[in-house]
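Next come the chains, spelled out residue by residue.
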Amino acid sequence: MSGRSSCIVWPGRPYPLGATWDGQGVNFALFSANADAVDLCLFDSRGRRELERIRLTEYTDQVWHGYLPEARPGLLYGFRVHGPYLPLEGHRFNPNKLLLDPYAKSIVGSMRWSDAAFGYQIGHPRADLSFDRRNDAASVPKSRVVDPAFTWGDDQSPRTPWRNTIIYELHVRGFTMLREDVPPQFRGTYSGLCSAPVIDYLQRLGVTAVELMPVHAFVNERHLVERQLRNYWGYNSIGYLAPDLRYASSPEADREFKTMVKTLHAAGLEVILDVVYNHTAEGSHLGPTLSFRGIDNASYYRLVGDAPRYYMDYTGCGNTLNMQQPRVLQLIMDSLRYWVTEMHVDGFRFDLASALARELHAVDRLGAFFDIIHQDPVLSQVKLIAEPWDLGEGGYQVGQFPTRWTEWNGRYRDVVRGLWRGDRGLVGEFATRVAGSSDLYDHSGRRPSASINFIAAHDGFTLRDLVSYNHKHNEANVDGDGGGEDHNLSWNMGHEGTTDDTALLAMRDKQIRNFLTTLFLSQGVPMLAAGDEYGRTQHGNNNAYCQDNEISWINWKLDDEQLRLLEFVRGLAELRGSHRVFRRRSFFKGGGHADLSRYDVAWLGQDGEIMSEGHWHDPALGTIGMFLSGSAIGDRDDRGEPFLDSDFLVLFNAHDADLSFQLPKHAEARSWTVRVDTRIRERNAAPAGYRPGETVRLEGRSIAVLERPREVEACP
């Protein structure tokens, strides 16, 4: 290309950034503080041939811009950015590399890996200090201009209160790839996720929100492609405003995504996105040049202060976005607002969120990132979930995020796993976690819903594998040990992996029911990983990030035992949703009286009496009763009337042996009805009930949930 253009080019505007269709033409705007020049490159409809190369001569407030009055939606484009290639000073400009627009709302074409995708010469003695002059345009994705028009009609967010929320974490592709009741052309896509059979399944399951694993446009790493694998999870983002085309059944992924959201909303389901703003797919100093690195490396990334050739890596992925740079903060906030205002999503789960809060080196929970979100009239109103850790020093920040944020509660996960596998000395902390983790969240106006409770998630063992494997089995990842956590707090019950032993299978099934019952009846917000409701397995792989196959995909051919477990989970969701006592807005206050009815929560020993201080310090303690008063919820309805509910007694026995538990004698005379018994597989198959003072026999490693109904209940 000569650098000259036959296109009509007007000066355009520096804002908004990206490519903006206004009904007459397209405005292009690209931030780069350190570039010397920027070329806008236009491609044919297949993205294979570069048609025009247009120099953007206008430069305002560090933004290069121009307007093409003849351009239309569907146009494919990219940038070439000129400037110094001085890695030792933090600059890596290379105009031979075609770059994606950071603000692209659609990215098309797959990455076809070759050495040309790198700004330096692979294999050169000087490594990334060398310079590569090959044009990589034929092998890299292209940005695409979109028409934002969409008929939303009367679409409204369900705005489910946190206390009523049940989150269901799923992968867009893996959730429907094996569903035979979804048309083949829609399996694994946004359209498949909003198909009638899937909507019906989600509604019957009782969840209120789907949390989608990353859907931002991402890249398959070269080392995975060369091993004939893919980045299945998608935590390798390259475009923060573009839904990934892999999950679309048509070229217009943005429009299909909007249709999915609109359909899920109509079914009463919220859509939460798992977002990865902590790093990009460009990796370390030896990574490819795909977008940010070639546009303005020194602005977009956290570089080592005295050695800017290298990146600060708080993520374990080679780089960290530079939250100290205002334009990087702007990109993240513009991206978040776009997904709320234009795509209508209801919230975000922030991957490795501690990395976003590092003002200098330490994590600052009052940092600019939080300040901007809290004052934003759009973002302050949606659901905000932090994965409250990263891989840097001081990165474990569970309980330290500010007001309005909820957090994945890793301490909840670990304590619940530990107690049910038989670890002793955990009952005290177990009670704290089940009661909403007030030690972590009862500050700055936070509520029990600040705790996102989970036992299994995409990362790690499934619930089935948690009770079937003591060790990870990641051989299919073909990269040494396959990565993955070694500290799983799992227990195979004496046999590693699958078995035909019916007695062992029954033990494992009961343990899964223990986990699920604990999860659904804890204060806070339960999160269920897709497939755990029927006991899916990944055959011991606890790091299936690269397994885009039946290891990760949800298998919908369920046997009788799986169907029974599914029905059991539906019953738990219904029980939680029907009783406000499990969904409190405020933390428990306890009691301190002899009269049990004066407590909002009371912890009981096997004798039915309130536990003494000495009981809590008994290292052998593995049994506890949790009394929940339906008359002391403390919440009021919209007219100021107090909510009343049934009383509940949840009896936990984490011992191997069967134990007796005496029901409180000094309680009201009304009978207790067993609502859940984890030793029983079928829903609603529990015995009739007990009188006060009678003894309940608890099987080893089981839970019994007893209800004492009230004559009047008001628990919307």
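Owing to the predicted nature of the structure, the values given are computational and were not obtained by experimental measurement.

Caption draft 1: Representation of the packing of aromatic side chains in the model. For the structure on display, the rule yields 40 aromatic pairs. Measuring from centroid to centroid gives 5.3 Å for Tyr301 and Tyr311, while their planes differ by 85°, and the two rings are edge-to-face. With Tyr301 in the loop between helix H6 (292-300) and strand E17 (303-304) and Tyr311 in strand E18 (residues 307-311), this pair connects stretches of sequence that are 10 residues apart. In this structure Tyr311 comes out as buried when scored by relative accessible area, which is 8%. Members of the aromatic cluster, each reached through a chain of ring pairs, are Phe31, Tyr240, Tyr277, Phe292, Tyr300, Phe348, Phe350, Phe369, Phe370, Phe401 and Trp405. Positioned above the aromatic ring of Trp556 is the side chain of Arg179, whose terminal nitrogen or guanidinium carbon lies 4.5 Å from the ring centre. The ring of Phe218 is capped by Arg246, whose NZ or CZ atom sits 3.7 Å from the centre of that ring.

Caption draft 2: Local environment of the pattern of salt bridges. Here the structure, examined in full by the defined rule, presents 41 salt bridges. Here Asp128 ties to Arg309 by a salt bridge, and the two come within 2.6 Å at their closest N and O atoms. A residue pair is termed long-range when its members are at least 10 positions apart, and Asp128 in the loop between strand E10 (107-108) and strand E11 (142-144) and Arg309 in strand E18 qualify at 181 residues. When the shortest N-O distance is used, the salt bridge between Arg580 and Asp635 registers 3.6 Å. Note that Arg580 is positioned in the loop between helix H14 (560-578) and strand E24 (601-604) and Asp635 in the loop between strand E25 (623-628) and strand E26 (647-653), a separation of 55 residues in sequence. Linked through salt bridges whose partners overlap, the residues forming this network are Asp274, Arg349, Asp351 and Glu387.

Caption draft 3: Spatial organisation of empty space enclosed by the protein. Tallied over the entire structure, the rule returns 5 cavities of 30 Å³ or more. Here the largest cavity is characterised by a volume of approximately 200 Å³. Lining the largest cavity we find 21 residues, and of these Met213, His458, Ala530, Arg536 and Gln538 sit closest to its centre. Looking at the lining of the largest cavity, the elements with two or more residues in it are strand E12 (167-170) and helix H1 (172-176). For the lining of the largest cavity, a count of residues per class yields 11 nonpolar, 7 polar and 3 charged.

Criteria and cut-off values
Residues numbered from 1 in each chain as written. Predicted model: local features only at pLDDT ≥ 70, side-chain atom pairs only at ≥ 80, totals over all residues. Heavy atoms only, no water. Phe/Tyr/Trp six-rings, centres within 6.5 Å; stacked < 30°, edge-to-face > 60°. Helix = DSSP H or I, 4+ residues; strand = E, 2+ residues; numbered from the N terminus. Buried < 20%, exposed > 50% of the residue type's maximum accessible area, 1.4 Å probe, protein only. Lys NZ or Arg CZ within 6 Å of the ring centre and 35° of its normal. Salt bridge = Lys/Arg side-chain N within 4 Å of Asp/Glu carboxyl O. 1 Å grid on protein atoms, 1.4 Å probe; cavity = no way out; pocket = protein on both sides within 12 Å on 5 of 7 lines; lining within 4 Å. Points joined across faces, edges and corners; volume = space filled by probe spheres on them. Nonpolar A, V, L, I, M, F, W, Y, C, P; charged D, E, K, R; others polar.

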